[in-house]
Amino acid sequence: MKTKHAALLLLVVVVALSACQRQLIHRYQSFSFGTLIELKIRHADKTVADQASSQLFAYFDAKHKEWHAWEPGKLSDLNQQLTGGNWFSTDDSLINLVKLAKTASEMSNHLFNPAIGKLIASWGFHSSDLPQSPPAQSKINSMLAMQPSMNEIIIDGNRLRSDNPHIKLDLGAIAKGYAVSEAIQMLKKTGISHALINAGGDLCGLGDQGDRQWRIGIRDPSGKGILASIELANNECVFTSGDYERYFNYQGKKYHHIIDPRHGYPAQQTTSVTVLHENGAMADAASTALFIAGPDGWQEIAQKMGISAVMMVDREGRIILSPSMHERIRLEPGHENRVVITSIAAPGSLQ
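These numbers were taken from a predicted model, which means no experiment stands behind them. In this convention, every chain numbers its residues from 1, walking through the sequence in written order. Owing to the predicted nature of the model, reporting of local features is limited to residues with pLDDT of at least 70; listing and counting of side-chain atom pairs is limited to 80 or more, with chain, interface and lining totals taken over all residues. Side-chain numbers come from the whole structure's heavy atoms, not from hydrogens or water.

**Student:** Explain the sheet that holds strand β2 (residues 35-42) to me, please; I cannot follow it from the model alone.
**Tutor:** Pairing between sheet strands relies on hydrogen bonds along the backbone, with the strands arranged either parallel or antiparallel. Read from one edge to the other, the open sheet built from nine strands follows the order β1-β2-β6-β7-β10-β13-β14-β15-β17, with strand pairing classed as mixed. Every other strand in the sheet has two partners, leaving β1 (25-32) and β17 (339-341) as the edge strands with one partner each. Shown here is a sheet whose adjacent strand axes are inclined to one another by a mean of 10°, direction ignored. Note on pairing: two strands pair once DSSP finds at least 2 bridges between them. Runs of E in the DSSP output that reach at least two residues are strands. Runs of H or I that reach at least four are helices, and both are numbered from the N terminus. As paired elements, strand β7 (residues 202-206) and strand β10 (residues 236-242) share three bridges and run antiparallel to each other. Within β10, the residue paired with L203 across the bridge is V238. Of the strands in this sheet, β1, β2 and β6 (195-199) touch helix α2 (residues 46-66), which is tilted by about 15° from β1. Throughout, a contact is declared for two residues whenever any of their heavy atoms are within 4.5 Å. Only C-alpha atoms enter the line fits that serve as axes; for helices the fit covers just the stretch in contact. Angles between N-to-C directions range over 0 to 180 degrees. Lying over the sheet, helix α7 (residues 175-189) contacts β2, β6, β7 and β10, oriented at roughly 20° with respect to β7.

**Student:** Got a minute to help me understand helix α3 (residues 74-82) in this structure?
**Tutor:** Structurally, the α-helix is built with 3.6 residues per turn, so residues lying three or four positions apart point the same way. Three exposure classes are used, based on accessible area relative to the maximum for each residue type with a 1.4 Å probe and protein chains only: buried under 20%, partly exposed in between, and exposed over 50%. When we look at burial in α3, the residues that qualify are L75, L78, N79 and L82. All buried residues of α3 project into a common sector of 100° when viewed along the axis, lining one side. Looking at the buried positions of α3, the neighbouring elements they touch are α2, β3 (88-89), α4 (92-107) and β5 (159-162). The arc in question is formed by the directions pointing from the helix axis toward the C-beta atoms.

**Student:** Help me understand the pairing of strand β11 (residues 247-250), please; the structure alone is not making it clear to me.
**Tutor:** For a regular strand, side chains alternate in direction, first toward one face of the sheet and then toward the other. Bridge count for β11 against strand β12 (residues 253-256) is four bridges, and the pairing is antiparallel. Among the inter-strand pairings, Y247 is bridged to a residue of β12, identified as H256. Between the end of β11 and the start of β12, which pair antiparallel, lie two residues, with Q251 showing a positive phi angle near 50°.

So, to be careful, I would describe these as geometric facts and stop short of saying anything about function.
Have a look at this one:
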């Protein structure tokens, strides 16, 4: 009888501890970087969590304004100064972001190319309102002839310059990832070891939620709910690029905002790409680069960018998984017959 009572007492304690762990998750929301930012913090002291959330949301608001692609801010000042061809300085956070963007662009064979801001603007995506029609072919040709490249941005310490006055940086495909990763580091410095930052479906996790890992859902690009779910390891990020966020229809055809810098039109072979990586900025940039590379070219780019866990949904509806992602992801029922597992080439095997 004593053993039964002891076992019952142990069960009660375990249940109580589990309930307590769930109760320690504090939830916060704000709007920044053009999307809803959701923050979950697991911490015993709500005051500490409240202060951390206020600090994070203030950081997101500041960087959203500073790095905005078309509204006045530090990035627009930088773009204006780039046209002059002379050396100029900017603040550390923006120069670090530009350095990361330059590195990611080189690693992606320039499929991720933030220097094509003028081309993106010509499509009408530098506006809060969606465009109604594509630009004329002559305008696209003119933008491509300018050949803007991140290679043409020269960086020395916190100074930079370019000889190509046609470069206009649009950091929208890396800025959010950079900011979320920085926010994770800020949380660590405040003594928080368990948190999840969800920036419109792009997430970075820290620690766990108590009784299990942080589990997140990945949207089905068809719009039919959740395609899959995955548990995040500590200090891991999952980022997705899809054709369903910003797009317009014209004469029966869909045009989205992920522009292929090689031909100046939206990439057409992919509907979504999800990647896992420990660095949010690299995950953000890689999801865009792999989306543009498409089902026939993503393996080379993934290898060069150091990405091993990839899920791509192509235009035919196939779910293409790297072996690493296949081990981690849990697809919703009914999608198994769409799966194609494709390995990423071993380092050094590319010609």
